[in-house]
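Residue strings, one per chain:
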Amino acid sequence: MPRQSDARTLSSLRHALQALRCFSQDEPELGITEISRKLGLSKSTVHRIMATLAEEGFVHRDEETHRYRLGLSVLSLGGIIMSNLEICREGQHLLEEFVHRFDETVHLAVLEDFCTVYVSKLECKHPVQIATHVGRRNPLYCTSSGKVILAYQDESMIEEVIRRGLQPFTPNTITDPNRLRTVLAQIREAGYATSVGELRPGVNSVAAPVRDYTRRVMGAVTAVGPAARFTDEKMKSLAKTLISISKEISNRLGYYERLPSRTRLQVSHSIGRPT
């Protein structure tokens, strides 16, 4: 059995990691009281945790406001992750070409636990920009990237997402389990997914699935924009390019599309046919 000192160390480590996760794009700076409330810990405990994190450079304390923000050590670790995340390496120039051609914001997202997480973002030049950021975690059932990833997962995972609850974010959010199952089947048939104001009002998106060498859908490439510009017709048009990009990224990750048996037979015969 673990010693009591080991248990205390693990508990302190867990609390420190939880403290780091309290920070977000919406709340980049936090005080001791706010962190204490979020974690359900005493202020004295949080103060010790934050002091240690500050010593190691994981947070920075503003001497005037006494509030904390994430430090450069987190940025350094994040840079290592991004530089070694294969989907980002293989997809970067393809996303750049997409933005250059369409002047729309595009992301790469991956599956993590029961969320879709943006790991790359290239912004367009339009004055109205969408409030998304790298590291943002969104639900699987109400975003285009999430739905296109979820559509290709095992039935058990789909049912687990439903079991956890389909929280409504807007009037357009899918909250009925049967409707979600139907939409996911339609996504598998179409090969791409859309979201029409399902997470945030007035924000639409379209996404195509990315597969790895095991043939598993592990991510998505997704374009996001205001509803006034992202009409149904435009999203259908963008979907064609996104599908092409997602297939190219998938191929670079080691995925290959298996040909139907009849097609393989025809190819085999054509290869063996004398010229």
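Cut-offs applied
Residues numbered from 1 in each chain as written. Predicted model: local features only at pLDDT ≥ 70, side-chain atom pairs only at ≥ 80, totals over all residues. Heavy atoms only, no water. Helix = DSSP H or I, 4+ residues; strand = E, 2+ residues; numbered from the N terminus. Buried < 20%, exposed > 50% of the residue type's maximum accessible area, 1.4 Å probe, protein only. Contact = heavy atoms within 4.5 Å. Areas by Shrake-Rupley, 256 points an atom, 1.4 Å probe, with all protein chains shown as cover. Axes fitted to C-alpha atoms, helices over the stretch in contact; angles between N-to-C directions. Left-handed = near helix turned anticlockwise from the far one by under 90°. Nonpolar A, V, L, I, M, F, W, Y, C, P; charged D, E, K, R; others polar. Phe/Tyr/Trp six-rings, centres within 6.5 Å; stacked < 30°, edge-to-face > 60°. Lys NZ or Arg CZ within 6 Å of the ring centre and 35° of its normal. Polar contact = N/O pair within 3.5 Å; in protein donor to acceptor, adjacent residues only side chain to side chain. Core = buried A, V, L, I, M, F, W, Y, C linked by side-chain atoms within 4.5 Å. Expected span 1.5 Å × (residues − 1). Arc of directions from axis to C-beta. Salt bridge = Lys/Arg side-chain N within 4 Å of Asp/Glu carboxyl O.

Asks: I'm lost on the overall build of the protein in this one. Help?
Replies: Counting its regular elements, the protein contains 10 helices and nine strands. Taking all 275 residues of the protein together, the buried fraction comes to 40%. Within the protein, residue pairs in contact and separated by at least 24 positions form 56% of the contacts whose partners lie at least 6 positions apart. For the protein, the accessible area works out to roughly 16,000 Å², and carbon and sulfur atoms hold 52% of it.

Asks: Looking at this structure, how should I read the packing of helix α7 (residues 155-164) against helix α8 (residues 177-190)?
Replies: The angle between the axes and the distance between the axes are what describe a pair of packed helices. Across the interface, α7 lies against α8 with an axial gap of 11 Å and an inter-helix angle of 145 degrees. In the crossing of α7 with α8, the sense of the turn from one axis to the other is right-handed. Taken together, the residues of α8 that come into contact with α7 (itself represented by Ile158, Glu159 and Ile162) are Pro177, Leu180, Arg181, Leu184 and Arg188. Its residues assigned to classes, the contact of α7 with α8 comprises five nonpolar, no polar and three charged.

Asks: So what exactly am I meant to see when it comes to α7 here?
Replies: Every α-helix carries 3.6 residues per turn, so stepping three or four residues along brings you back to the same face. Listing the buried residues of α7 in full gives Met157, Ile158, Glu160, Val161 and Ile162. The inward-facing, buried residues of α7 contact β4 (105-112), α6 (144-150) and α8. Of the residues trailing α7, Gly165 is marked for its positive phi of about 105 degrees.

Asks: Can you help me understand the packing of aromatic side chains in this one?
Replies: Aromatic ring pairs are reported here in terms of the distance separating the ring centres and the angle at which the planes meet. On inspection of all chains with the given rule, the structure shows two aromatic pairs. Ring geometry for Phe98 and Phe102: centres 4.8 Å apart, planes at 45 degrees, overall tilted. Remark: Phe102 and Phe98 occur in helix α5 (residues 86-102); sequence separation between them is four residues, near one turn of the helix. Of the residues examined, Phe98 reaches a relative accessible area of 1% and is grouped as buried. Ring geometry for Tyr141 and Phe169: centres 6.5 Å apart, planes at 35 degrees, overall tilted. With Tyr141 in the loop between β6 (137-139) and α6 and Phe169 in the loop between α7 and α8, the pair connects residues that are 28 residues apart, well separated along the chain. On the basis of relative accessibility, which here comes to 37%, the residue Phe169 falls in the partly exposed class. Note that Arg164 overlies the ring of Phe114, its terminal NZ or CZ placed 3.7 Å from the centroid. For Arg211, the ring lying beneath its charged end belongs to Tyr152, and the centroid distance is 5.1 Å.

Asks: Honestly, the environment of Arg181 in this entry has me stumped. Any pointers?
Replies: Along the polypeptide, Arg181 turns up in helix α8. C-alpha separation for the pair Arg181 and Ala151, spaced 30 residues apart in sequence, amounts to 8.5 Å. Setting aside anything within four residues of it in sequence, one finds Arg181 in contact with Glu159 and Ile162. Of note is the side chain of Arg181, whose polar atom sits 2.7 Å from the side chain of Asn178.

Asks: Even after reading the chapter, I still don't get the environment of Leu242, so can you show me in this structure?
Replies: Of note, Leu242 is situated in helix α9 (residues 232-252). Taking the C-alpha atoms as reference points, Leu242 and Ala220, separated by 22 residues in sequence, lie 9.2 Å from one another. Those residues within four positions of Leu242 in sequence are excluded, and the remaining contacts are Phe98, Val106, Val206, Ala207, Ala208, Val221 and Ala223.

Asks: Help me out: how do you make sense of the nonpolar core in this one?
Replies: Soluble globular proteins tend to bury their nonpolar side chains together. Of all hydrophobic cores here, the largest spans 25 residues; its most connected members are Ile87, Val106, Val206, Val221, Leu242 and Ile249. Put simply, the parts of the chain that give this core at least two residues each are α5, β4, β5 (115-122), β8 (203-211), β9 (217-226) and α9. Element by element, the count of residues in this core is highest for α9, at six residues. Among residues more than four places away in sequence, those in contact with Val206 are Ser144, Tyr192, Ala193, Thr194, Val221, Thr222, Ala223, Phe230, Met235, Leu238, Ala239 and Leu242.

Asks: Explanation requested: the side chain of Ser36 in the structure shown.
Replies: Counting through the fold element by element, Ser36 comes out in helix α2 (residues 32-39). Look past the residues within four positions of Ser36 in its chain and what remains in contact with it is Leu41, Ser42, Lys43 and Val46.

Asks: Explain helix α3 (residues 43-55) to me, please; I cannot follow it from the model alone.
Replies: In this model, α3 (13 residues) spans 18 Å end to end at C-alpha, consistent with the 18 Å of a helix rising 1.5 Å per residue. Within α3, the full set of buried residues consists of Val46, Ile49, Met50 and Leu53. Down the axis of α3, the buried set is contained in an arc of 95 degrees. They therefore lie on one face. Opposite the packed face of α3, turned more than 90 degrees from it, sit the exposed residues Arg48 and Glu55. Two residues or fewer after α3 comes Gly57, characterised by a positive phi angle close to 85 degrees.

Asks: Please clarify how the pattern of salt bridges should be interpreted in this entry.
Replies: Pairs may arise between side chains of opposite charge once their charged atoms sit close together. For the structure shown, the criterion picks out 15 salt bridges. For Glu27, the salt bridge identified is with Lys38, shortest N-O distance 2.9 Å. One end of the pair, Glu27, is in the loop between α1 (4-20) and β1 (29-30); the other, Lys38, is in helix α2, with 11 residues separating them in the sequence. Assessed through its relative accessible area of 30%, Glu27 is described here as partly exposed. On the basis of relative accessible area, Lys38 is assigned to the partly exposed category, the value being 39%. Asp212 is the salt-bridge partner of Arg216, the closest N and O atoms lying 3.4 Å from each other. The network of salt bridges with common partners includes Glu104, Arg229 and Lys234.

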